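# Structural overview
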Amino acid sequence: MNSVNSQERYPILTAQAWLCLAAATLAGRTAGQATADETRALKELYADKFRVGVALSTSQVLGEQPEALALAARQYNAITPENLLKWAEVHPEPEKYEFGPADAFVEFGQRHGMFIVGHTLTWHNQTPAWVFEDDAGQPLSRGALLARLRAHIHAVVGRYQGRIHGWDVVNEAFEDDGALRDTPWRRIIGDDYLEQAFRFAHEADPKAELYYNDYNEWHPGKRRAVSQFVRSLKARGVRIDGIGLQGHWGMSYPLLDEVEATLSDYGKLGVKLLITELDINVLPRSNGQTAADVAARDAAAEELNPYAEGLPPEVDEALADRYASIFRLFLKHADKIDRVTFWGVHDGQSWLNNWPIRGRTAYPLLFDRRLQPKLAFEKLAGLAAPARQ
Ligand code: GLA
C-alpha cells in the first residue's frame, strides 16, 4: 500500500456504509455454524512474548455474532474496536454521543480480563465535517477547535478512565515522505495539534497509555518524522508510550528488511512498539484514485477477485509462510513489541472485502469465514514457544 494515502483509502464509503457492508458480508453466515475447535490459544502460546489482540466490529460487540466473539475471547488477550470509537460513530452530532456500542465493547474486554485499546481520538477520516465548522458552517478558529477536541477527548477518554488501558491518540498524521499531512486539524490548529491531543488525553486519564498510530512506517521519510515527533514529545515532557505500526501488508510488501529496519529504528526511542492492525492481503492490488478509476476497477472486479470460490491451497500456504516470516521477525524483536493485533476475527469481517474494490472475497486473517483456523494459524501456533506455566 506504499503509494496509497488515506484520502485514497476511503474513496468510496462513509462510515455508515462500512458498517452496512460488514453486516451484509456476515449475513451469509448462519447462527450455530461450526466454530473452530482450537486446542491452542495464541494468547497463551505468545504469553511470554507479546499480547496478541484482535479488532472487533460493532455487530460483534452487540452480540450479533456470538461464535466470533467466543473465538476472540479464546484466542486473544487484547481488543481494539474497528469503528465504534471513531469520532463519527461515538460523537456523530455536536451534542450527541453514542456510547452504547463502546460500553458493550469495554464490558466484553473487562469480562475477559483483556487489555482494552481505544481507537482513535484524532484522525482526518471518519470525522464529521461539522467538527471543523461553526454553527454558520464557517471554519472554526484555532481556539474553538482546540476546545472542541479537548471536550471530545475528555468525554470519551474520561468515560472509560481506568477501563480502556491505551489510546491511539493520533492516527495517520504524516505522509510517507515525512511531511505533516494537510488535514483540517493542521490547517486550523497548526502543527501542534498532535501534541495538544496527547496533552488532552493525558489530562483525561493520567494512567492510560498513549500511542501514535500510522501505516507505511517502513518508508524512511515517515519513520524519521514519527521518530522525531516521539523525541520532541518526550523532550517536552508530554506522555507518549508507544508507536502503532498498522500492518496492512501484502504478500510482497513491505520487505522483511524494511519491517526490521523500522522495528530497529523505533526500538531506539524507548517506547513500546505495537503492531496494531495486522492483515495480509493476497488479492491483486489496485490503486485507482478518481471516480472513473473506481468505476473501472468495479468493472474489472472479476479479474481482480480471483478467489471468489475459495482460496487455493497453494495461496493459503503462501499466506501462512508470509505470516510465519513476519512473526519470526516479531519474535526476534519481541523485547520491543508489546502487542500484535489482527484487524478482524475472521476473513468475512475484513475491510479488505470492500477496499479498495467493493465486493471482493479477501483472505487476510488467521480464521476463515466459518471461523476455522487457517494454515497461517497453525504456523503461528507452531512458531510460538510453549506457554509459560
Ligand atoms: C486505518 C484505520 C483503521 C481502519 C483501517 C481500515 O488503518 O486506522 O481504523 O479504518 O484503516 O479498516
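Cut-offs used in this document
Note that residues are indexed from 1 along each chain, following the sequence as it is written. Restriction of local features to residues with pLDDT of at least 70 applies here, the model being predicted, together with a cutoff of 80 or more for giving and counting side-chain atom pairs; totals for whole chains, interfaces and linings are based on all residues. Side-chain measures were taken over the full set of non-hydrogen atoms in the model, leaving aside hydrogen atoms and water. Strands here mean DSSP runs of E at least two residues long; helices mean DSSP runs of H or I at least four residues long; both are numbered from the N terminus. A 1.4 Å probe rolled over the protein chains alone gives each residue an accessible area, and that area as a share of the maximum for its type sets the label: buried under 20%, exposed over 50%, partly exposed in between. Only heavy atoms matter for contacts: two residues are in contact if any of them lie within 4.5 Å across the pair. Residue-level accessible areas treat just the shown protein chains as cover; the underlying method is Shrake-Rupley with a 1.4 Å probe. When a carboxyl oxygen of Asp or Glu lies within 4 Å of a side-chain nitrogen of Lys or Arg, that pair is called a salt bridge. For this count, His and the chain ends are skipped, Lys and Arg are scored as positive, and Asp and Glu as negative. Each residue after the first adds 1.5 Å to the expected span of a helix. Should DSSP find at least two bridges between two strands, the strands are regarded as paired. By definition, the crossover connecting two strands over a helix is right-handed if that path, from the first strand to the second, turns clockwise as seen with the strands pointing away from the viewer. Stacked, tilted and edge-to-face pairs are distinguished by plane angle, under 30 degrees for stacked and over 60 for edge-to-face with tilted covering the rest, among Phe, Tyr and Trp rings (Trp via its six-membered ring) whose centres lie within 6.5 Å. Here, over-ring charges are defined by two tests on the NZ atom of lysine or the CZ atom of arginine: distance to the ring centre within 6 Å, and angle to the ring normal within 35 degrees.

Next up on the list: the overall build of the chain. Of the regular secondary structure elements, the chain holds 16 helices and nine strands. Residues counted as buried form 58% of the 389 residues belonging to the chain. A separation of at least 24 residues holds for 81% of the contacts in the chain among residues at least 6 apart in sequence. Carbon and sulfur atoms provide 50% of the accessible area of the chain, an area that totals close to 15,100 Å².

We now examine the pattern of salt bridges. In the structure shown here, the tally under the stated rule is 22 salt bridges. Here arginine 150 ties to glutamate 203 by a salt bridge, and the two come within 2.9 Å at their closest N and O atoms. With arginine 150 in helix 8 (residues 142-159) and glutamate 203 in helix 10 (residues 193-204), this residue pair connects regions lying 53 residues apart in the sequence. The exposure class of arginine 150 is partly exposed, given its relative accessible area of 38%. With a closest N to O distance of 2.7 Å, aspartate 347 and lysine 374 form a salt bridge. Of this pair, aspartate 347 sits in the loop between strand 9 (337-342) and helix 16 (375-383) while lysine 374 sits in the loop between strand 9 and helix 16; the two residues are 27 residues apart in sequence, bridging distant segments of the chain. Taking relative accessible area as the criterion, aspartate 347 reaches 0% and is therefore assigned buried. By relative accessible area, lysine 374 is classed as buried at 6%.

Let's shift gears to unusual backbone geometry. The residue after histidine 119, namely threonine 120, is reached through a cis peptide bond having omega 5 degrees. Its place among the elements puts threonine 120 in strand 3 (residues 115-122). Between tryptophan 355 and the following residue, proline 356, the backbone shows a cis peptide bond with an omega angle of 0 degrees. When you line up the elements, proline 356 lands in the loop between strand 9 and helix 16. The backbone of glutamine 126 sits at a positive phi, close to 50 degrees, despite the residue not being glycine. Position of glutamine 126 among the secondary structure elements: in the loop between strand 3 and helix 8. Not every positive phi belongs to a glycine, and leucine 371 is a case in point at roughly 70 degrees. Inspection of the secondary structure puts leucine 371 in the loop between strand 9 and helix 16. Judged by relative accessible area, which is 0%, leucine 371 ranks as buried.

Mapped onto the elements of the fold, glutamate 217 is located in the loop between strand 5 (209-214) and helix 11 (220-235). Summary of buried charges: glutamate 217 has no salt-bridge partner, and the nearest side chain of opposite charge, lysine 222, is 6.9 Å away. In this structure, glutamate 217 is in contact with Lys222, Arg223, Val226, Ile243, Gly244, Leu245, Gln246, Thr262 and Tyr266, ignoring residues within four places of it in sequence.

With that settled, the discussion passes to helix 15 (residues 313-332). Its 20 residues place the ends of helix 15 28 Å apart at the C-alpha level, agreeing with the 28 Å of an ideal helix rising 1.5 Å per residue. Every buried residue belonging to helix 15 is among Val315, Asp316, Leu319, Ala320, Arg322, Tyr323, Ala324, Ile326, Phe327, Leu329 and Phe330, and all of these are buried. On the buried face of helix 15, the contacting elements are strand 7 (248-250), helix 12 (256-267), strand 8 (272-281), strand 9 and helix 16.

Our focus in this paragraph is the pairing of strand 5. Of all six residues making up strand 5, six are buried, and the element is well covered by its neighbours. Burial along strand 5 is two-sided: Glu209, Tyr211 and Asn213 and Leu210, Tyr212 and Asp214, pointing in opposite directions, are all buried. Pairing geometry for strand 4 (residues 166-171) and strand 5, over five bridges, is parallel. Along strand 5, the bridge assignment pairs tryptophan 167 with leucine 210. Following the backbone out of strand 5, through helix 11 and into the adjacent parallel strand 6 (residues 242-245), one traces a crossover that is right-handed.

For any pair of aromatic rings, geometry is given as the distance between the ring centres together with the angle between the planes. Inspection of the entire model under this criterion finds 21 aromatic pairs. For the ring pair phenylalanine 327 and phenylalanine 342, a centre distance of 6.0 Å and an interplane angle of 10 degrees mean the geometry is stacked. With a gap of 15 residues between them, phenylalanine 327 in helix 15 and phenylalanine 342 in strand 9 connect regions that are remote in the sequence. Like phenylalanine 327, the residue phenylalanine 342 is buried in the burial classification. Site record: aromatic cluster; members linked through ring pairs are Tyr46, Phe50, Tyr76, Trp249, Tyr323, Phe327, Phe330 and Phe342. Taking the ring centre of tyrosine 253 as reference, the NZ or CZ of arginine 285 above it sits at 4.1 Å. Positioned above the aromatic ring of tyrosine 363, the side-chain terminus of arginine 369 is 5.1 Å from the ring centre.

The next thing to look at is helix 11. Between its first and last C-alpha atoms helix 11 spans 22 Å; for 16 residues at 1.5 Å apiece the expected length is 22 Å, and the two agree. Listed as buried for helix 11 are Gly221, Lys222, Arg223, Ala225, Val226, Ser227, Phe229, Val230 and Leu233. The inward-facing, buried residues of helix 11 abut helix 10, strand 5, strand 6 and helix 12. The positive-phi residue at the C-terminal boundary of helix 11 is glycine 237, with phi of around 75 degrees.

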